[in-house]
Amino acid sequence: QIPNDPAQRRLRKLALLSKKFQQVHPNVLAKILKERTLYQNEEIVVINKPYGLPVHGGPGVKNCITDVLPILAKMLENMKAEPLHLCHRLDKETTGLMVLARNKEAAERIRLLFKTRQVEKIYWAISLGDPDPAEGIVEIPIVEKEVQSHQKHYKMTLAPNYRLSPEEGKVVRIRKNRDAESAVTRYRRLAHSSACSLLELQPITGVKHQIRVHLAYGLGCPILGDHKYSHWSKLAPQKLPEITLKRLKLKQSKARHLPLHLHAHRLSLPLGKRIDLVCKPPPFFQKTLERLELDLAND
C-alpha cells in the first residue's frame, strides 16, 4: 500500500529506487549515468553517483556501476571508446562525485593520487547529535571485526592505540592491532538544529566505511540513516530523538526506511592543472536539511 504521509512516500520511493536499479536493463542504467555526468575531458569522466546504486557486484547484485562502464564509455564517445575505469569507490548508499578514467594509464595515475592523499575530498553528512568540539580531527585506526549476535555479521570498528587504565586512570599505550589501518578524518560542524548537525568531512585516509565509523564510534554522532553503525551488537534501525522524528514527520517504527545522509560534495584533483568540482546534495538530502532547519545561510 502507498503511505498517505508525503515524508513516508518519499522514503518509500528511495527504498524502491535501489530495487529499481537492479531491474533495469544495463543500457538504461548507463543512460542514467550519462545524464548524471558533471565533467569530462580527455582523461576523466566525473559522475554524480545516485543513491542506492552499488559500485561493485556481489551477492544479489545484478546491476552495478562497474558492469556498465563499457556501455557508458560508448554513449559518451560515439561507439569507439575503450571501457571507462574505476579510480575509487563510494558505498552503495553514498551519493555524489565519482571519478572514472578513460584509459588504464589515467586510472593508475589517479588511483595513485588517491592513495598518496593528493586528492582533496570533502563530504557532507547529517549526523545525529552534536560533535564536541565542533571541529577537529579523529585519528583512530580501524579494523574489520566479526560481531557476535543472533545474526553473525561483520563491521568496521575502532582499534585505538591507547586506552584508559582503570587502576591509575591514566592513558596508556596498547599493542597495535596488526590488521588495523590508520584512519584520519577532519570534521567541521556547519549547522546544528533538531538534535542533528550538518558536518563537513575530509577523509585524509581512505579506509572502508571510515567516515561512518569515525562519526558513530569516535564522535558518538552516527550519520542519519546509518542503521549499520548506530548500534554495535545488533542490526536494528537507528533510534531517533523525538524532535528529529517530529521535524521529519516520521514514526520511529518507520525509521528503518531513512536513507544514509552522506554525500561526496567536493573534489579537487591535481591533474596538470587543478580540477575543482562541486556537486549539490540530492533532493532527499536537501529536503531533510530543510525539515530539520539545518540552515546554511551562515556558511
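This is a predicted model, so every value here is computed, not measured.

Student: Which residues make up the overall build of the chain, and what values do they have?
Tutor: Looking only at helices and strands, the chain has seven helices and 14 strands in total. Here the C-alpha radius of gyration of the chain, 20 Å, is about what a compact globule of 299 residues would show, namely 19 Å. By its C-alpha atoms, the chain is 70 × 50 × 45 Å across when sized along the principal axes. Relative to its full complement of 299 residues, the chain shows a buried share of 50%. Long-range pairs, those at least 24 residues apart, make up 64% of the contacts in the chain with a sequence separation of at least 6. Of the accessible surface of the chain, which amounts to about 15900 Å², a share of 50% is contributed by carbon and sulfur atoms. Taking the 51 positively charged and 30 negatively charged side chains of the chain as two groups, their mean positions are separated by 6 Å.

Student: A description of the nonpolar core should follow, citing residues and the corresponding values.
Tutor: Core analysis: the largest hydrophobic core is formed by 52 residues, its most contacted members being Ile 65, Val 99 and Ile 110. Tallying contributions element by element places helix 3 (residues 65-77) first for this core, with six residues. When residues no more than four places from it in sequence are discounted, the contact partners of Val 99 are Ile 44, Val 45, Val 46, His 85, Leu 86, Cys 87, His 88, Ile 110, Phe 114, Leu 267 and Leu 269. In this structure, Cys 196, Leu 224, Leu 250 and Phe 285 belong to the second largest nonpolar core, which totals 22 residues.

Student: So what's going on with helix 2 (residues 26-35)? Residues and values would help.
Tutor: Every buried residue belonging to helix 2 is among Leu 29, Ala 30 and Leu 33, and all of these are buried. One face of helix 2 carries all of its buried residues, which in axial projection span an arc of 100°. Looking at the buried positions of helix 2, the neighbouring elements they touch are helix 1 (6-23), strand 1 (37-40), strand 2 (44-49) and helix 3.

Student: Could you give me a rundown of the packing of aromatic side chains, with the residues and numbers involved?
Tutor: Applying the stated criterion across every chain, the model contains two aromatic pairs. Here Tyr 217 and Tyr 229 contribute two aromatic rings whose centre-to-centre distance is 5.9 Å and whose plane-to-plane angle is 75°, an arrangement assigned as edge-to-face. Residue Tyr 217 is found in helix 5 (residues 210-218), and its partner Tyr 229 is found in the loop between helix 5 and helix 6 (242-248); the two are separated by twelve residues along the sequence. Assessed through its relative accessible area of 24%, Tyr 217 is described here as partly exposed. Judged by relative accessible area, which is 1%, Tyr 229 ranks as buried.

Student: Lay out the environment of Arg 256 in plain terms, naming residues and giving numbers.
Tutor: With respect to the element layout, Arg 256 can be found in the loop between helix 6 and strand 13 (262-271). What makes Arg 256 partly exposed here is its relative accessible area of 47%. Arg 256 sits 31 residues away from Gly 225 along the chain, and the two C-alpha atoms are 7.5 Å apart. Excluding anything up to four places from it in sequence, Arg 256 contacts His 227 and Pro 237.

Student: Hey, could you go over the side chain of His 88 for me, with residue numbers and the actual values?
Tutor: Along the polypeptide, His 88 turns up in the loop between strand 3 (85-86) and strand 4 (95-101). At 2.9 Å, the side chain of His 88 forms a polar contact with the backbone nitrogen of Val 99. In this view, His 88 contacts Leu 97, Met 98, Val 99 and Phe 114; residues no more than four positions away in its chain are not counted.

Student: Which residues make up the state of the cysteines, and what values go with them?
Tutor: Throughout the structure, instances matching the rule amount to zero disulfides. Here Cys 87 stays unpaired: no disulfide links it, and the sulfur of Cys 64, its closest cysteine neighbor, is 16 Å away. Of the residues examined, Cys 87 reaches a relative accessible area of 6% and is grouped as buried.

Student: Give a description of the pattern of salt bridges that names residues and reports values.
Tutor: Oppositely charged side chains may form a pair once their charged atoms are brought near each other. On inspection of all chains with the given rule, the structure shows eleven salt bridges. For Lys 31, the salt bridge is made with Glu 35, and the minimal N-O distance between the two is 3.8 Å. Pair noted here: Lys 31 and Glu 35 are both in helix 2, with a separation of four residues, about one helical turn. Its salt-bridge partner being Lys 208, residue Glu 144 comes within 3.6 Å of it at the nearest N-O pair. Here Glu 144, found in strand 7 (residues 142-147), pairs with Lys 208, found in the loop between strand 12 (196-203) and helix 5; they are 64 residues apart in sequence, far enough to count as distant. The partly exposed category is assigned to Lys 208, whose relative accessible area is 36%. Via salt bridges that share partners, Arg 89, Asp 91, Arg 212 and Asp 226 belong to a single interconnected network.

Parameters at a glance
Residues numbered from 1 in each chain as written. Predicted model: local features only at pLDDT ≥ 70, side-chain atom pairs only at ≥ 80, totals over all residues. Heavy atoms only, no water. Helix = DSSP H or I, 4+ residues; strand = E, 2+ residues; numbered from the N terminus. Rg over C-alpha atoms; globule rule 2.2 N^0.38 Å. Buried < 20%, exposed > 50% of the residue type's maximum accessible area, 1.4 Å probe, protein only. Contact = heavy atoms within 4.5 Å. Areas by Shrake-Rupley, 256 points an atom, 1.4 Å probe, with all protein chains shown as cover. Lys, Arg positive; Asp, Glu negative; His and termini not counted. Charge placed at Lys NZ, Arg CZ, Asp CG, Glu CD. Core = buried A, V, L, I, M, F, W, Y, C linked by side-chain atoms within 4.5 Å. Arc of directions from axis to C-beta. Phe/Tyr/Trp six-rings, centres within 6.5 Å; stacked < 30°, edge-to-face > 60°. Polar contact = N/O pair within 3.5 Å; in protein donor to acceptor, adjacent residues only side chain to side chain. Disulfide = S-S within 2.5 Å. Salt bridge = Lys/Arg side-chain N within 4 Å of Asp/Glu carboxyl O.

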